[in-house]
Amino acid sequence: MSERDVRRIEVLTEVLSGRRTVASAAVVLAITVRQVNRLLIRFREDGGGGLIHKGRGKSSNHRLCDGIRGYALLF
């Protein structure tokens, strides 16, 4: 997890415990109130792992296959 993800978890935990408002969490995380609400839903359902980007660790959908890439690098 990146430091950004850890900070999000800390702030969202404070919101759920009532120590911080959704509006102040939006200011701290530099996102909108709507986005904080969306993150809270994912955090409640999936925990901290739900906040991590789903495409992390996967190759791009636009990646060329190795054969074409190798051929293009020759020229």
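Structure report, in brief.

About the cut-offs
- Residues numbered from 1 in each chain as written.
- Predicted model: local features only at pLDDT ≥ 70, side-chain atom pairs only at ≥ 80, totals over all residues.
- Heavy atoms only, no water.
- Helix = DSSP H or I, 4+ residues; strand = E, 2+ residues; numbered from the N terminus.
- Rg over C-alpha atoms; globule rule 2.2 N^0.38 Å.
- Buried < 20%, exposed > 50% of the residue type's maximum accessible area, 1.4 Å probe, protein only.
- Contact = heavy atoms within 4.5 Å.
- Areas by Shrake-Rupley, 256 points an atom, 1.4 Å probe, with all protein chains shown as cover.
- Lys, Arg positive; Asp, Glu negative; His and termini not counted.
- Charge placed at Lys NZ, Arg CZ, Asp CG, Glu CD.

In this section: the overall build of the protein chain. Of regular secondary structure, the protein chain possesses 4 helices and 0 strands. Of the regular secondary structure in the protein chain, the N- to C-terminal order runs α-α-α-α. The C-alpha atoms of the protein chain give 18 Å as radius of gyration, which overshoots the globular expectation for 75 residues (11 Å, by more than 25%). The C-alpha extent of the protein chain, read off along each of the three principal axes, is 60 × 20 × 20 Å. Per-residue burial for the protein chain yields a buried fraction of 23% across its 75 residues. The contacts of the protein chain with a sequence gap of at least 6 include a subset with a gap of at least 24, amounting to 42%. Accessible area of the protein chain: about 5800 Å², with a carbon and sulfur share of 55%. Put simply, the protein chain has 14 plus and 7 minus side-chain charges, and the middle of one group is 5 Å from the middle of the other.

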